[in-house]
Amino acid sequence: MTTTLTPTRPDRAQRKAERASARTFRQKASPVSTGILIIGAIYCLFPVFWVLMASSKDSSELFSTFTLLPSTHLWDNIVQLSQYRDGLFWRWVLNTAIYAGVGALASTWISAISGYVLAKFEFPGKKVVFSILLMGVLVPGVILAIPQYFLLAEVGLTNTMWSVLLPQIISPYGIYLARIYAAASVPTEVIEASRTEGAGELYIFNRIALPMMGPGLVTIFLFQFVAVWNNFMLPYIMLGDDKLFPVTVGLSGLLNQGASAPSMYTLVITGALLSIIPLIILFLVLQRYWKVDLAAGAVKA
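Analysis parameters
Residues numbered from 1 in each chain as written. Predicted model: local features only at pLDDT ≥ 70, side-chain atom pairs only at ≥ 80, totals over all residues. Heavy atoms only, no water. pLDDT = per-residue confidence, 0-100. Helix = DSSP H or I, 4+ residues; strand = E, 2+ residues; numbered from the N terminus. Contact = heavy atoms within 4.5 Å. Core = buried A, V, L, I, M, F, W, Y, C linked by side-chain atoms within 4.5 Å. Buried < 20%, exposed > 50% of the residue type's maximum accessible area, 1.4 Å probe, protein only. 1 Å grid on protein atoms, 1.4 Å probe; cavity = no way out; pocket = protein on both sides within 12 Å on 5 of 7 lines; lining within 4 Å. Points joined across faces, edges and corners; volume = space filled by probe spheres on them. Polar contact = N/O pair within 3.5 Å; in protein donor to acceptor, adjacent residues only side chain to side chain. Patch = residues over 30% accessible without salt bridge, like charges linked within 9 Å, V, L, I, M, F, W, Y side chains within 5 Å. Areas by Shrake-Rupley, 256 points an atom, 1.4 Å probe, with all protein chains shown as cover. Salt bridge = Lys/Arg side-chain N within 4 Å of Asp/Glu carboxyl O. Expected span 1.5 Å × (residues − 1). Arc of directions from axis to C-beta. Phe/Tyr/Trp six-rings, centres within 6.5 Å; stacked < 30°, edge-to-face > 60°. Lys NZ or Arg CZ within 6 Å of the ring centre and 35° of its normal.

Draft legend 1. Representation of the confidence of the model for the chain in the model. Per-chain confidence: the chain averages 83 in pLDDT, with 85% of residues scoring 70 or above. Ranking the elements of the chain by mean pLDDT puts helix α1 (residues 12-25) last, at 55, and helix α5 (residues 88-120) first, at 93. Below a pLDDT of 50 lies the segment residues 1-10, which in the model reaches one contact outside its immediate sequence neighbourhood of four places, other chains included. The low-confidence segment residues 293-301 (pLDDT under 50) makes two contacts with residues lying over four places distant or belonging to another chain.

Take a look at the structure:
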């Protein structure tokens, strides 16, 4: 005698329970939180909008027309800024890209290996080192600019690119973030298995741990890149040759000339607009790494 198995269907109560469970996981948009986010976005983007409108005006319109009304002189201002002292502005942009790009890459790698060591190794004085690191996070970089100037002056590195790059390679906050991310994303079992197979510590870090820490390192890189790109005090103290200036110091010099030459104000505003475009592009390019990380976390959960 043969028996046939018929698929059982969930009864109505079970289906209701499943729908209720699904509704509990469905997040509803809160009007209050949405309104706060909109206000915050307007607060952050309004200065960018003002710079965009102001950079489209010439020097005669800048102070005589309504602030938020656009004009038709944006391209003329860009051409005039490009012609200033044979393209000195673009030299400042190149300098800033070197300072921010090289400095952020070096700082990210050093932060990664330092955070990895603090998270996965045991050694005497580890808690003391981490406590000192936390104190370093609380110290503003402006306070250290003068001592760093005297130290670099002793070895003859002031008024060089090294005087801007070297002080920004070590980032206590970056090391702190890397330590947290390494502890959460790099399994100790994987490290021990690699050691059992005979892999060296640098090989384990560069080939195994570093890819696992990728999304966190992207965040550290972006933070450090933006910090170096917008840095003013350190290069202002370290550099005397305007051909080595970053954009921030160079535009500050143009702004100081605005009292005697009002046309410089339009160049400063146009330069400020152009200087934020690389940061916007960088954020849009790196944003996909955060999406990948969130998706991976959802799958693992």
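Draft legend 2. Fine view of the nonpolar core. Within the largest apolar cluster, 35 residues are counted, with the highest numbers of intra-cluster contacts made by Phe-89, Trp-92, Tyr-99, Phe-225, Leu-239 and Leu-254. Those elements that place two or more of their residues in this core are α4 (74-83), α5, α8 (162-165), α12 (214-229), α13 (233-238), α14 (247-256) and α15 (263-300). Those residues in contact with Phe-89, other than ones at most four positions away along the chain, are Leu-81, Val-247, Leu-251, Gly-271 and Leu-274. Ranked by size, the runner-up nonpolar core spans 14 residues in total, among them Ala-119, Val-186, Phe-205 and Leu-217.

Draft legend 3. Here's a closer look at the layout of surface pockets. Looking at the largest pocket, its volume works out to about 600 Å³. In terms of lining, the largest pocket is formed by 25 residues, of which the most central are Gly-141, Pro-167, Ile-170, Pro-172 and Gln-224. Counting only elements with at least two residues in the lining of the largest pocket, the list comes to α6 (126-138), α7 (141-154), α9 (172-185), α12 and α13.

Draft legend 4. Main features of the side chain of Lys-126. With respect to the helices and strands, Lys-126 occurs in helix α6. The class of Lys-126 is buried, set by a relative accessible area of 14%. From its side chain, Lys-126 meets the backbone oxygen of Phe-121 in a polar contact 3.1 Å long. With near-sequence residues (within four places) excluded, Lys-126 lies in contact with Leu-118, Ala-119 and Phe-121.

Draft legend 5. Expanded view of a nonpolar patch on the surface. Together, Ile-38, Ile-42, Phe-46, Phe-49 and Trp-50 give the surface a local cluster of nonpolar side chains, amounting to about 480 Å² of exposed area. Considering the arrangement of structural elements, one finds Ile-38 in helix α2 (residues 31-54). A residue is classified by how much of its surface remains accessible, and Ile-38, at 47% relative accessible area, is partly exposed.

Draft legend 6. Fine view of the pattern of salt bridges. In the structure shown here, the tally under the stated rule is three salt bridges. Among the ionic pairs, Asp-242 bridges to Arg-85, the shortest N-O distance being 2.5 Å. Note that Asp-242 is positioned in the loop between α13 and α14 and Arg-85 in the loop between α4 and α5, a separation of 157 residues in sequence. With relative accessibility at 47%, the residue Arg-85 sits in the partly exposed group. Across the pair Arg-195 and Glu-201 runs a salt bridge, and its minimum N-O distance is 3.0 Å. Of the residues examined, Arg-195 reaches a relative accessible area of 34% and is grouped as partly exposed. The partly exposed category is assigned to Glu-201, whose relative accessible area is 36%.

Draft legend 7. Region of interest: helix α11 (residues 201-212). An ideal rise of 1.5 Å per residue puts 16 Å on 12 residues; α11 measures up with 15 Å between its terminal C-alpha atoms. Buried within α11 we find Ile-204, Phe-205, Ile-208 and Ala-209. Buried positions in α11, seen along its axis, are confined to an arc of 130° and lie on one side of it. Looking at α11, the residues exposed on the side facing more than 90 degrees away from the buried face are Leu-202, Arg-207 and Pro-211. For α11, the secondary structure elements touched by its buried residues are α5 and α10 (188-196).

Draft legend 8. Highlighting the packing of aromatic side chains. As enumerated under the stated definition, the model contains 11 aromatic pairs in all. Here the aromatic rings of Phe-63 and Tyr-265 are separated by 5.8 Å at their centres, their planes lie at 80°, and the arrangement is edge-to-face. With Phe-63 in the loop between α3 (59-62) and α4 and Tyr-265 in helix α15, this residue pair connects regions lying 202 residues apart in the sequence. Taken together, the ring pairs connect Trp-109, Tyr-116, Phe-121 and Phe-205 into an aromatic cluster. Its end group placed over the ring of Phe-130, Arg-179 keeps NZ or CZ at 4.5 Å from the ring centre. Seen from the ring of Phe-121, Arg-195 lies directly overhead, with NZ or CZ sitting 5.2 Å from the centre.

Draft legend 9. How the structure looks around the side chain of Ser-107. Structurally, Ser-107 is set in helix α5. Using a relative accessible area of 0% as the deciding quantity, one classes Ser-107 as buried. Sequence-distant contacts of Ser-107, defined by excluding residues within four places in its chain, comprise Gln-168, Ile-169, Ser-171 and Gln-224.

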